[in-house]
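Remarks on the overall topology
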Amino acid sequence: MVKEIEREGFPVVHVCTIVPISLTVGANRIIPAVAIPYPLGDPAKTPAEEYEIRKHLVEKSLKALQTEVSEQTVFND
Amino acid sequence: MSFRVVHYINQFFAGIGGEEKADHKPEIREGVVGPGQALQASLGDDATVVATVICGDGYFAENIDKALEEILALVTPYKPDLLVAGPAFNAGRYGTASGGVCAMVGEKLGIPTVTGMHPENPGVDMYRKNTYIVETADSARGLRKAVPVMAELGLKLLKKEALGTPAEEGYLEKGVRHNVFLSRIGAERAAEMLAKKLRGEEFVTEYPMPSFDRVAPAAPLKDLKNATIALVTSGGICPKHNPDHIEASSASKYGAYSIEDFDKLSCEDSETAHGGYDPTYANDDPNRVLPVDVLRDMEKQGVFKKLYGTYFTTVGNGTPVANAKRFGAEIAKKLKADGVDAVILTST
């Protein structure tokens with residue numbers, strides 16, 4: 001899905017937990033997420049802390065969307 | 001003397017449990033467990049499954065390097081001559097784990113390894129060069145057919161017998177080329193192939209071209225402040241009770257749902273249709289998969305102009321690549337028609 005959407009010319013950021021699969025599939029902008037059942041959260045934390053984790057990942061995603069890349073790029077912290 | 005075989009399986013095939021047990025840490029048990037019985041039956045007297053390593057698919061996928069080290073430490077004392085993993089069919093995490101374990105054990109212990117997967121399993125492209133991957137059906141219905149082929153290939157490798165072509169042996173091409181002598185020169189064979197092609201007849205190429213289906217990265221977003229951002233997910237988030245009945249696995253459709261009136265998602269209005277991970281956390285707070293809350297707040301703060309009013313969703317769980325391609329292409333057309341500038345796609 002990532003690839004077909006990008007084929008239309010949209011920058012797409014893939015927020016996912018299993019980065020190797022995203023690389024194999026062919027996503028170009030990749031943000032490593034927290035865990036499979038909660039990629040953008042962490043039930044062990046308080047709701048406020050969880051929101052911050054999610055906000056951080058979304059901010060990274062928006063930054064990745066604005067970053068010029070020439071090849072598959074994993075945006076680590 | 002009977003060869004020693006160690007078998008790798010996931011928590012599901014070990015009978016430990018489904019997604020609620022996917023965080024099961026690596027353990028090893030003497031003898032066969034689950035599909036190991038069929039494997040032992042196919043191996044016969046020539047080889048014995050001395051132990052079975054079990055690891056939860058979620059644990060492996062979230063701790064790949066650590067899990068591999070732990071599994072290697074468990075396997076090594078059993079001094080295997082062969083490691084067999086799976087078969088994993090079209091289960092992505094299980095395929096990744098099976099391929100990863102085969103690749104690592106093969107490299108560190110210097111023994112042959114065999115696994116089994118459906119050709120669309122992402123583990124195939126990741127590990128086809130590092131291990132023998134027998135082609136299987138997409139679900140466990142193919143177990144009876146797959147295991148004897150895996151066992152026979154394993155025995156041939158143990159006995160160092162010459163292997164036939166991947167098609168003859170039933171495994172997916174590793175990308176290894178062997179020199180062979182043929183009675184007719186290349187020019188004759190090529191001309192014959194071309195003639196067949198022109199007549200519309202079947203022919204088999206001697207050198208299939210690799211199909212690198214890559215899409216070049218799109219140009220970055222220039223003006224975030226004036227951008228419309230869309231949300232797409234393969235994590236199965238959908239309105240409560242899954243009104244369009246998106247399948248829990250092997251999805252044949254996607255949904256498009258309005259978030260125009262939502263400041264965030266909640267367990268009151270949304271849930272996940274995904275059958276490939278423990279849904280507890282996504283059902284409790286769907287923003288953990290689809291971050292509507294954060295994006296809505298940023299929109300209000302003017303970080304970007306608009307959160308696109310509809311999100312697109314499907315279940316990425318053994319979903320055929322052809323379906324995923326179709327979903328992606330259709331979604332892209334709609335986004336384009338509505339002037340979306342960039343897309344955040346989340347996966348579980």
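Throughout what follows, the structure given in this document is the object of discussion. Computed from a predicted model, the values in this text were never measured in an experiment.

Here we come to the overall build of chain A. When its secondary structure is counted, chain A shows three helices and three strands. Starting at the N terminus and walking to the C terminus, you meet the elements of chain A as α-β-α-β-α-β. Dimensions along the principal axes, computed over C-alpha positions, put chain A at roughly 40 × 25 × 20 Å. Out of the 77 residues belonging to chain A, those deemed buried represent 57%. Here the contacts in chain A between residues at least 6 apart in sequence split such that 40% fall between residues at least 24 apart. Accessible surface, chain A as shown: approximately 3,100 Å² in total, 53% of it carbon and sulfur. Separation of charge centres in chain A, based on 8 positive and 11 negative side chains, amounts to 1 Å.

With that settled, consider the interface of chain A and chain B. The interface is formed by 50 residues belonging to chain A together with 60 residues belonging to chain B. Of the roughly 4,600 Å² buried between chain A and chain B, counting both surfaces, carbon and sulfur atoms make up 68%. Broken down residue by residue, the surface that chain A buries against chain B is led by Met1, Phe10 and Ile36 of chain A, which jointly contribute 16%. Counting across the chain A and chain B interface gives six salt bridges. Arg288 of chain B is paired through a salt bridge with Glu50 of chain A; the nearest N and O atoms lie 2.5 Å apart.

Looking now at the sheet that holds strand E3 (residues 47–55) of chain B. All names here are of chain B. Taken together, the six strands give an open sheet; going across it, the order is E2-E3-E1-E4-E5-E6, and neighbouring strands pair in mixed fashion. Edge strands, defined here as strands with exactly one partner in the open sheet, are strand E2 (27–30) and strand E6 (132–135). When strand polarity is set aside, the average angle formed by the axes of neighbouring strands in this sheet is 25°. Across four bridges, the pairing between E2 and E3 is antiparallel. What sits directly across from Glu27, in E3, is Ile54. Across the sheet, helix H3 (residues 64–75) lies against strand E1 (3–10), E2, E3 and strand E4 (82–89), angled at about 150° from E3, the strand it touches most. In the packing of helix H4 (residues 92–109) onto the sheet, the strands contacted are E1, E4 and strand E5 (113–117), and the crossing angle to E4 comes to about 165°.

Conventions used here
Residues numbered from 1 in each chain as written. Chains lettered and ligands numbered in written order. Predicted model: local features only at pLDDT ≥ 70, side-chain atom pairs only at ≥ 80, totals over all residues. Heavy atoms only, no water. Helix = DSSP H or I, 4+ residues; strand = E, 2+ residues; numbered from the N terminus. Buried < 20%, exposed > 50% of the residue type's maximum accessible area, 1.4 Å probe, protein only. Contact = heavy atoms within 4.5 Å. Areas by Shrake-Rupley, 256 points an atom, 1.4 Å probe, with all protein chains shown as cover. Lys, Arg positive; Asp, Glu negative; His and termini not counted. Charge placed at Lys NZ, Arg CZ, Asp CG, Glu CD. Buried area = accessible area lost by both parts, 1.4 Å probe. Salt bridge = Lys/Arg side-chain N within 4 Å of Asp/Glu carboxyl O. Pairing = 2+ DSSP bridges. Axes fitted to C-alpha atoms, helices over the stretch in contact; angles between N-to-C directions.

So, to be careful, I would describe these as geometric facts and stop short of saying anything about function.
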